[in-house]
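Chain and residue survey
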Amino acid sequence: MITIKYAPLHSTVVCEDKAEQKAVFAFLYKKFSVWVDGANFTPAYELGVWDGYARFFSKTSGQFPSGLLVKVASALLSEDYEFDVEDMPEPYKGHDSQEPIVLPNGMTMRDYQAATLRKTLKWYRGIWKVATNGGKTEMAAGLLKVLDSKANILILVPRKVIFHPFASRLKDSSKVDQAAMIGDGLFKPIMDGGITVAMYQTLSSRMKDKTVKKWLQSVDVLIVDECQFATAETFKKIIQKCPANFRIGMSGTPFKEEKHKRMEVRGLFGPILSVVS
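Residues numbered from 1 in each chain as written. Predicted model: local features only at pLDDT ≥ 70, side-chain atom pairs only at ≥ 80, totals over all residues. Heavy atoms only, no water.

Remarks on the packing of helix α1 (residues 18–31) against helix α3 (residues 69–78)
- Relative orientation of the contacting elements α1 and α3 amounts to 125°, with a least axis distance of 11 Å. The orientation of α1 with respect to α3, classified from their angle, is oblique. The handedness of the crossing between α1 and α3 is right-handed. Every residue of α3 that contacts α1 at Val24, Phe27, Leu28 and Lys31 is listed here: Val72, Ala75, Leu76 and Ser78.
- A per-class count over the contact of α1 with α3 returns six nonpolar, one polar and one charged. (Axes fitted to C-alpha atoms, helices over the stretch in contact; angles between N-to-C directions. Helix = DSSP H or I, 4+ residues; strand = E, 2+ residues; numbered from the N terminus. Parallel < 35°, antiparallel > 145°, perpendicular 65-115°, else oblique. Left-handed = near helix turned anticlockwise from the far one by under 90°. Contact = heavy atoms within 4.5 Å. Nonpolar A, V, L, I, M, F, W, Y, C, P; charged D, E, K, R; others polar.)

Description of helix α8 (residues 210–218)
- Along α8, the residues that are buried comprise Val212, Trp215 and Leu216. Here the buried residues of α8 occupy an arc of 100° about the axis, which is enough to place them on one side. Looking at α8, the residues exposed on the side facing more than 90 degrees away from the buried face are Lys210, Lys214 and Gln217.
- In the core, the buried residues of α8 are packed alongside β8 (152–157), β9 (180–183), β10 (186–187), β11 (194–199), α7 (200–205) and α9 (233–240).
- With a side-chain oxygen lying 2.8 Å from the backbone nitrogen of Thr211, the N-terminal cap of α8 falls on Asp209. (Buried < 20%, exposed > 50% of the residue type's maximum accessible area, 1.4 Å probe, protein only. Arc of directions from axis to C-beta. Polar contact = N/O pair within 3.5 Å; in protein donor to acceptor, adjacent residues only side chain to side chain.)

A look at unusual backbone geometry
- Phi at Asp87 is positive, roughly 70°, even though this residue is not glycine.
- Take Asp87: it is sitting in the loop between β6 (83–86) and α4 (111–123).
- One non-glycine residue, Tyr124, lies in positive phi territory at about 70°.
- Residue class for Tyr124 comes out buried when judged on its relative accessible area of 8%.

What to know about the environment of Gln240
- You can see Gln240 is positioned in helix α9.
- A relative accessible area of 36% means that Gln240 is categorised as partly exposed.
- The spatial distance from the C-alpha of Gln240 to the C-alpha of Pro65 is 10.0 Å, given a sequence separation of 175 residues.
- Leaving out residues up to four positions away in the same chain, Gln240 has contacts with Leu9 and Leu268.

Focus on the pattern of salt bridges
- For the structure shown, the criterion picks out six salt bridges.
- With its nearest N and O atoms 3.6 Å apart, the salt bridge here joins Glu226 to Lys136. Placement of Glu226 in the loop between β12 (221–225) and α9 and of Lys136 in helix α5 (residues 136–146) is noted, with a sequence separation of 90 residues between them. Of the two residues, Glu226 and Lys136, both sit in the buried class.
- The salt bridge partner of Glu264 is Lys261, with a shortest N-O separation of 3.9 Å. Within this pair, Glu264 and its partner Lys261 are both found in helix α10 (residues 259–269), separated by three residues, close to a single helical turn.
- The exposure class assigned to Lys261 is partly exposed, which follows from its relative accessible area of 21%.
- Through salt bridges with shared partners, a single ionic network connects Glu233, Lys236, Lys261 and Glu264. (Salt bridge = Lys/Arg side-chain N within 4 Å of Asp/Glu carboxyl O.)

Quick look at the side chain of Glu226
- Owing to a relative accessible area of 15%, Glu226 belongs among the buried residues under this scheme.
- Contact partners of Glu226, with chain neighbours within four places excluded, come to Lys136, Pro158, Arg159, Ile162, Met250 and Ser251.

What about the environment of Val219?
- With respect to the helices and strands, Val219 occurs in the loop between α8 and β12.
- A relative accessible area of 3% means that Val219 is categorised as buried.
- Along the sequence, Val219 and Phe246 sit 27 residues apart, while their C-alpha atoms lie 9.2 Å from each other.

A look at the sheet that holds β6
- On the basis of which strands lie adjacent, the open sheet formed by four strands has the order β5-β2-β1-β6 and mixed pairing. The strands lining the two open edges of the sheet, one partner per strand, are β5 (63–65) and β6. For this sheet, the mean inter-axis angle between neighbouring strands, taken without regard to orientation, is 25°.
- Against the sheet, α1 touches β1 (2–5) and β2 (10–15), its axis set at about 140° to β2. (Pairing = 2+ DSSP bridges.)

Considering the packing of α9 against α10
- Where α9 meets α10, the axes come as close as 11 Å, and the angle between the chain directions of the two elements is 25°. Relative to α10, α9 is oriented roughly parallel. For the crossing formed where α9 meets α10, the hand is left-handed. Where α9 abuts α10, its residues Lys236, Ile239 and Gln240 lie against Glu264, Leu268 and Phe269.
- Class assignment of the residues belonging to the contact of α9 with α10 gives a composition of three nonpolar, one polar and two charged.

Everything listed here is a matter of geometry and, on its own, says nothing about what the molecule does.
See below:
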């Protein structure tokens, strides 16, 4: 019997039978090995110390990035393997409601925005592929509205040019008194429940601070804007230190051209939940 043990950051495939485990691990290791474009021009490849592939499944531990759960499950099904998934969170209340969702500022969410929100409440993670002016801020505000008011929420943005505008629009849509700010000379995270909007560069510079590490461990909801940049090492380290159950990537162009980068983004967040052009 095969069991997939889910966790927000990394999930693990476990097999009762050792012979089956060896075969399953070898299959998934090969299935989730992706050629890195340009690898053949690197010194490591030329010296023969790297074969040029990025690995997204460990054949020793059975671990993989949890955003790839659907892909791993599909791969197992394609080979007629039977399996169970353990420790998945139950769908959040309201995921199956058809009632209109009205934001605190009085705006009613559009149908596609509400549908995306309900998918998020059901699956807890994924990518909102939303073009500019597609309503990302309102969708984030809608998610915050239906969640526990004591939830610790972190919204990461990659650029100064969108840092203040995003926080301002979020305050207007969600009608919170204030969103705490990390970036552009500000460092005022909310430690005990609330919304913090942060530039990842500023947060990355504080990662050795024990208080910051403890706070990241307490985050319940992680929303990453312009998630195509999340594969940058400094950005990724923050995401991987934050075991939030809700994990959302937002972007009009969430994937770069390189196949291994596309797999990496999916591994961090999950499948695409909506496409808004």
